[in-house]
Amino acid sequence: MKLEGKGISVEIRERELVSGASLHLSGGELVGLIGPNGAGKSTLLRAMLGIRDTSAGEVLLDSKAFLSLPARERARYVAFLPQERRVEWRLPAYDIVMLGRYPHQATFGSASSEDRAAVNRALDAVDGHELRDRPVAVLSGGERTRILLARALAVEAPLLLVDEPTAALDPYHQLHVMEILRDRARSGAGVLAVMHDLALAERFMDRLIVMNSGSIVADGPPRSVLTPELLASVYRIAGSPPQRLA
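Okay, so let's go over this structure. Counting restarts for each chain: residues are numbered from 1 in the order of the written sequence. Side-chain atom pairs in this predicted model are given and counted only at pLDDT of 80 or more, local residue features only at pLDDT of at least 70, and totals for whole chains, interfaces and linings cover all residues. Side-chain figures throughout are based on the complete set of non-hydrogen atoms in the structure, without hydrogens or water.

Read across the sheet, 4 strands follow the order S2-S1-S4-S5 without closing on themselves; strand pairing throughout is antiparallel. The sheet is open, and its two edges are formed by strand S2 (15–26) and strand S5 (64–65), each paired on a single side. Criterion used throughout: strands pair if DSSP finds at least two bridges between them. A run of H or I in DSSP becomes a helix once it reaches four residues, and a run of E becomes a strand once it reaches two; helices and strands are each numbered from the N terminus. Pairing of strand S1 (residues 2–12) with S2 involves 8 bridges; the strand directions are antiparallel. Bridge assignment links Glu-4 to a residue of S2, and that residue is His-24.

Written out as structure tokens, the structure is:
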């Protein structure tokens, strides 16, 4: 399965946040969307999902108009972990993860054995079973991130878009989450992740897409993208690109 954005532009109050951005995500690849703060990464992700209105461009799923599909059908194809991790509900973590199964359930239908199995697989993946009975509203930021990632994983969609998946996590869980995303890609899913940690991006990603000032300025394998010239022009830092960790 392939998701494509073609010529996506997003404006707000006559200011262009994303300008003619085109990118694609195919099954089996782990792609990082990187760039400085304010580059337009999260806005582009939301535009691809239909959460933000676009002023130009189109989004295609296997060459068909993705945004013309009903929202529930879109959610079966593309799961999403947003940047915003705030949760006001005092629901147990297990029930929050079960919300990921909503696109597959009949209206007012109860959870099936397949739904429960998917939720347990998602909790297994994020090492979250010890949190299942705790209200999400009282979890730490890192614990909440893991549970919300589990909610996205529980959809078991062929495509997964995640916005800053390692935010608020300690180093162990940062690596754990990146390994989860890599495993999802190896199992055949397409994964697109907004990232700020260039060392993690260089270590785990198959391909990096770089945004700056609302435009895509580079797209390719990490070692060909993370050059001293790009770091200087996009991030305004001098020096060598991040070293691959063992």
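Moving on to the sheet that holds strand S3 (residues 30–34). Paired through backbone hydrogen bonds, the strands of a sheet run either parallel or antiparallel to each other. Pairing is mixed across the open sheet formed by 6 strands, whose spatial order is S6-S7-S8-S3-S9-S10. Taken across any chain shown, the strands that pair with only one partner, and hence form the sheet edges, are strand S6 (78–81) and strand S10 (215–220). With direction set aside, neighbouring strand axes in the sheet form an average angle of 15 degrees. Of the pairings in the sheet, the one linking S6 to strand S7 (residues 159–163) comprises 4 bridges and is parallel in character. Interaxial angles span 0 to 180 degrees and are taken between N-to-C directions of axes, which are lines fitted to C-alpha atoms, for helices over the stretch in contact.

Let us look at unusual backbone geometry. Notably, Arg-13 is not glycine yet its phi reads approximately 50 degrees, a positive angle. Exposed residues in this analysis have more than 50% of their type's maximum accessible area, buried residues have under 20%, and partly exposed residues fall in between, with area computed by a 1.4 Å probe over protein chains only. Looking at Arg-13, the relative accessible area reads 76%, which means it is exposed.

Put simply, buried Ala, Val, Leu, Ile, Met, Phe, Trp, Tyr and Cys residues joined by side-chain atoms within 4.5 Å make one nonpolar core. Counting residues in each nonpolar core, the largest one holds 51 residues, and the members touching the most others are Ile-34, Ile-147, Leu-149 and Leu-181. Considering each element in turn, this core owes the most residues, 7 residues, to helix H5 (residues 141–154). Non-local contacts of Leu-181, meaning those with residues more than four positions away in its chain, are made with Leu-30, Leu-149, Leu-160, Val-162, Pro-165, Val-191 and Ala-193. Counting 26 residues, the second largest nonpolar core, distinct from the first, contains Leu-33, Val-59, Leu-61 and Leu-159. Two residues qualify as a contact provided that any one of their heavy atoms is within 4.5 Å of a heavy atom in the partner residue.

On to the pattern of salt bridges. Here a salt bridge means any side-chain nitrogen of Lys or Arg lying within 4 Å of a carboxyl oxygen belonging to Asp or Glu. Inspection of the entire model under this criterion finds 7 salt bridges. Put simply, Arg-101 and Asp-115 hold a salt bridge, and the shortest N to O gap is 2.9 Å. Pair noted here: Arg-101 is in the loop between helix H3 (93–98) and helix H4 (113–125) and Asp-115 is in helix H4, with a separation of 14 residues, a long-range link. The shortest N-O distance in the salt bridge between Asp-219 and Arg-207 comes to 3.0 Å. One end of the pair, Asp-219, is in strand S10; the other, Arg-207, is in strand S9 (residues 207–212), and 12 residues separate them in sequence. Residue classification places Asp-219 among the partly exposed positions, given a relative accessible area of 39%.

A separate point is the side chain of Asp-115. Exposure remark for Asp-115: the relative accessible area of 4% places this residue in the buried category. A 3.5 Å cut-off defines polar contacts: any pair of N or O atoms within that distance qualifies, except that in protein one atom must be a possible hydrogen donor and the other a possible acceptor, and neighbouring residues in sequence count only when both atoms are side-chain atoms. Of the polar contacts made by the side chain of Asp-115, one reaches the side chain of Gln-105; its length is 3.1 Å. Ignoring any residue separated from it by four or fewer positions in sequence, one finds Asp-115 in contact with Met-98, Arg-101, His-104, Gln-105 and Ser-110.

This brings us to helix H6 (residues 171–186). The end-to-end C-alpha separation of H6 is 22 Å, in line with the 22 Å expected for 16 residues at 1.5 Å each. Of the positions making up H6, those classed as buried are His-173, His-176, Val-177, Met-178, Ile-180, Leu-181 and Ala-185. Its buried side turned inward, H6 meets S3, H4, H5, S7, strand S8 (190–194) and helix H7 (198–204). With a side-chain oxygen positioned 3.1 Å from the backbone nitrogen of Tyr-172, the residue opening H6 is Asp-170. Positive backbone phi, at 115 degrees, marks Gly-188, one or two positions downstream of H6. To estimate the expected span of a helix, subtract one from its residue number and multiply by 1.5 Å.

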